[in-house]
Amino acid sequence: MTLSQSIPKDTASLVEDKPVLHIWGRSPLKGHVSISGAKNSALVLMTGALLASDACILRNVPALADIGSMGQILSALGVKINFDSNTDATAGAKTLTIDASTITQTEAPYELVSQLRASFFALGPLLARTGVAKMPLPGGCAIGARPVALHVRGLQQMGADVYIEHGVVHAYAKRLKGARIYLDYPSVGATETLMMAAALAEGETILENAAQEPEVIDLANFCNAMGAKIQGAGTNSIVIEGVPRLHGVDYNIIPDRIEAGTFLMAGAITQSEITLSPVVPEHLTAVIAKLKDIGVRVVQEDHQTLRVMPGAVLRGTDIETLPYPGFPTDMQALFMALLTLCEGNSVITETVFENRLGHVPELIRMGADIRVKGNHAVICGVPFLSGAPVSGTDLRASAALVVAALAAEGQSTISGLQYLDRGYENIEAKLRGLGARIERVQPNSGSMLVEAPSLV
Ligand code: UD1
């Protein structure tokens, strides 16, 4: 038996010297929380800046580990990046200047790409801009195999010579040619990769069965501000008329709908009243509809503010994850946390990723009653959860555990924070601002016997 196998699960994080979150549940939340810029928009817009022949400024960029990783990847390509955290009003948000006027390298390093799957989306813009792109295959991750065949096939249809050698996708095209491309599945990443590639291609590209996510619209708006001619983003058919050159732009990123959804869930599960802004309420239509179905009250205060309020009784409901505008897979784990405490039975069906139920055993450790069969989870509501040591298995699974811990009796200790930190800017500071009792502890920084912060 190895040392790590012999260590009880709940202490493994301590031995590994990784930080943990302590949460003392059952504190009501109250007040207002500011929502950061959208992680998934920011990441793809950073790759989109490769299309421009001069510098782009991105505002409202969330201060996240993934943004730093993407910055490193662009730097490795010879792009000049400047992070400025003092220019935005939103706490922690960064303004990024990305100057891709000169690209000196066309191959991204595997060590960086393997850490951040979204960096593969640079394949399209890099190829369109320089005629050559070599991107290591990112590999799978905790939630699924995550193939990139649709990205590759689309570029081939645009005339690129693409092959895989030694784990690296090699793509060559003097100038890409517009094509009619049907996506077998409305993949967000493939839609974004191909839309960016088509922006600098010769002639017209039509993407059929395209992804309709708000982040795809944000990317199209960003490219159009740079001089691209993209129509139809947000529908399943996007038409791109290629242009020879794109120029720099100053662009503000949309609010993060998944972070907003996470705070709606924090309010709902603790039966609290909180407000959130800025948000784009239309981006949360499916999430708000399901919350109302459960019995949570959500009202729109103004065009960018939502208020969540306790409902009389919370009832179970059925959820199936789907491409936008269907229910988002990124909110599935979070809703499962809420449904564990709703009256009656609920069924969650995960259709987008094949392995995205890693949070189930951890929720069960907290007292939830959940059975999994294939991609279905049957949740029988329980009267309460109890705090426990639990470990996040991916980004949204970790967020679900935080939300569950806010409602649980007693103390929870959440490890695996490297996932949480990829997608949430200052999550504990934001929750503490709402009245949650939450502390981040670095095991080797002193005593692990942490006192619960007093109630205010
Ligand atoms: C993006 C989001 C992620 C979200 C997901 C689905 C970013 C950085 N990430 O990921 O947070 O959970 O959308 O909303 O924006 N597929 C294929 N072949 C391909 C590509 C994808 O079969 O070539 C499949 C995937 O295996 C998966 C499904 O399509 O089952 C959806 O994946 P996709 O929309 O591509 O997700 P990402 O763009 O990677």
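Nothing here was measured: the structure is a model prediction, and the numbers come from that model.

Colleague: What am I meant to see in the sheet that holds strand S13 (residues 250–252) here?
Modeller: As a general point, the strands of a sheet are linked pairwise by backbone hydrogen bonds and lie either parallel or antiparallel. Spatially, the 4 strands line up as an open sheet ordered S4-S5-S3-S13, and their pairing is mixed. Pairing within the sheet leaves two strands with one partner each, and these edge strands are strand S4 (80–84) and S13. With direction set aside, neighbouring strand axes in the sheet form an average angle of 20°. Running over the sheet, helix H3 (residues 39–48) touches strand S3 (56–61), strand S5 (94–99) and S13 and is turned about 170° from S3. Relative to S4, helix H4 (residues 65–76) is tilted by about 155°, and along the sheet it contacts S3, S4 and S5.

Colleague: So what exactly am I meant to see when it comes to the domain arrangement of the chain here?
Modeller: Accessible area lost when the parts come together is the quantity often used to give the size of an interface. By domain assignment, the chain separates into domain 1 (4–35 + 255–441) and domain 2 (39–249). Averaged C-alpha coordinates put domain 1 and domain 2 at centres separated by 30 Å. Contacts between the two partners involve 23 residues from domain 1, matched on the other side by 25 residues from domain 2. Between domain 1 and domain 2, the buried area comes to about 1,900 Å², and carbon and sulfur atoms account for 49% of it. Sorting the residues of domain 1 by area buried against domain 2 places Tyr 324, Arg 422 and Glu 425 first, and these three jointly supply 34% of that buried surface. Linking domain 1 to domain 2 there are 2 salt bridges. Seen at the junction of domain 1 and domain 2, the total is 6 residue pairs in polar contact (both at pLDDT 80 or more). Elements that contribute at least two residues to the side of domain 1 that touches domain 2 include exactly helix H14 (395–407) and helix H15 (417–423). Sort the elements by how many residues they give to the side of domain 1 that touches domain 2 and H15 lands first, with 3 residues. Each residue belonging to the side of domain 1 that touches domain 2 can be placed in one class, and the counts come to 8 nonpolar, 5 polar and 10 charged.

Colleague: Sorry, what's going on with the sheet that holds strand S8 (residues 168–172) here?
Modeller: The strand order S6-S8-S7 describes an open sheet built from 3 strands, whose pairing is antiparallel. Of all the strands in the sheet, just strand S6 (132–136) and strand S7 (161–165) have a single pairing partner and so form its edges. Between one strand axis and the next, the sheet turns through 15° on average, direction left out of account. Pairing of S6 with S8, which is carried by 5 bridges, proceeds in the antiparallel orientation. Directly across from Lys 134, in S8, lies its bridge partner His 170. Contacting S6 and S8, helix H6 (residues 123–130) crosses the sheet at an angle of about 155° to S6.

Colleague: Explanation requested: the pattern of salt bridges in the structure shown.
Modeller: Once their charged atoms are close, side chains differing in charge can pair, the charge on each being opposite to the other. Per the stated rule, a full pass over the model turns up 14 salt bridges. For the salt bridge of Arg 422 with Asp 66, the shortest nitrogen-to-oxygen distance reads 2.8 Å. Of the two residues, Arg 422 sits in helix H15 while Asp 66 sits in helix H4, which places them 356 residues apart along the sequence. Arg 422 gets classed as partly exposed once you look at its relative accessible area, which sits at 26%. The salt bridge partner of Glu 259 is Lys 430, with a shortest N-O separation of 2.7 Å. Placement of the pair is Glu 259 in helix H10 (residues 257–269) and Lys 430 in helix H16 (residues 427–433), with a sequence separation of 171 residues. Judged by relative accessible area, which is 2%, Glu 259 ranks as buried. Take Lys 430: its relative accessible area is 14%, and that puts it in the buried class. It is possible to trace a salt-bridge network through shared partners that takes in Glu 273, Glu 301 and Arg 307.

Colleague: Can you help me understand the side chain of His 22 in this one?
Modeller: Position of His 22 among the secondary structure elements: in strand S1 (residues 20–24). Judged by relative accessible area, which is 3%, His 22 ranks as buried. In this structure the side chain of His 22 is engaged in a polar contact, spanning 2.9 Å, whose partner is the side chain of Gln 411.

Colleague: When you look at the packing of helix H7 (residues 149–157) against helix H8 (residues 188–199) in this model, what are you seeing that I'm missing?
Modeller: The axes of two packed helices give the description: the angle between them and the distance between them. Two numbers describe how H7 lies on H8: the axes approach to 8 Å, and their chain directions differ by 25°. Comparing their axes, H8 and H7 come out roughly parallel. Every pair of crossing elements has a handedness; the one defined by H7 and H8 is right-handed. Mapping the contact onto sequence places Leu 150, His 151, Gly 154 and Leu 155 in H7 and Gly 189, Ala 190, Thr 193, Leu 194 and Ala 197 in H8. Along the lines of polarity and charge, the residues of the contact of H7 with H8 split into 5 nonpolar, 4 polar and no charged.

Colleague: Could you clarify how one ought to interpret the site of the ligand in this entry?
Modeller: In the neighbourhood of the ligand, 19 residues make up the surrounding shell, with Leu 150, Ser 187, Gly 189, Asp 330 and Val 352 lying closest. The contact in question runs from an oxygen atom of the ligand to an N or O atom on the backbone of Pro 147, over 3.3 Å. A distance of 2.4 Å separates an oxygen atom of the ligand from a polar backbone atom of Val 352. In this structure, the ligand is accommodated by the largest pocket. For the shell around the ligand, the elements supplying multiple residues, two or more each, are H7 and H8. Ranked by the residues each element gives to the shell around the ligand, the list is headed by H7, at 3 residues. The residues that make up the shell around the ligand include at least three from each of domain 1 (4–35 + 255–441) and domain 2 (39–249).

Cut-off values and rules
- Residues numbered from 1 in each chain as written.
- Predicted model: local features only at pLDDT ≥ 70, side-chain atom pairs only at ≥ 80, totals over all residues.
- Heavy atoms only, no water.
- Pairing = 2+ DSSP bridges.
- Helix = DSSP H or I, 4+ residues; strand = E, 2+ residues; numbered from the N terminus.
- Axes fitted to C-alpha atoms, helices over the stretch in contact; angles between N-to-C directions.
- Contact = heavy atoms within 4.5 Å.
- Domains from an automatic or database assignment.
- Buried area = accessible area lost by both parts, 1.4 Å probe.
- Salt bridge = Lys/Arg side-chain N within 4 Å of Asp/Glu carboxyl O.
- Polar contact = N/O pair within 3.5 Å; in protein donor to acceptor, adjacent residues only side chain to side chain.
- Nonpolar A, V, L, I, M, F, W, Y, C, P; charged D, E, K, R; others polar.
- Buried < 20%, exposed > 50% of the residue type's maximum accessible area, 1.4 Å probe, protein only.
- Parallel < 35°, antiparallel > 145°, perpendicular 65-115°, else oblique.
- Left-handed = near helix turned anticlockwise from the far one by under 90°.
- Near = heavy atom within 4 Å.
- 1 Å grid on protein atoms, 1.4 Å probe; cavity = no way out; pocket = protein on both sides within 12 Å on 5 of 7 lines; lining within 4 Å.
- Sits in = over half its atoms within 2 Å of the grid points.

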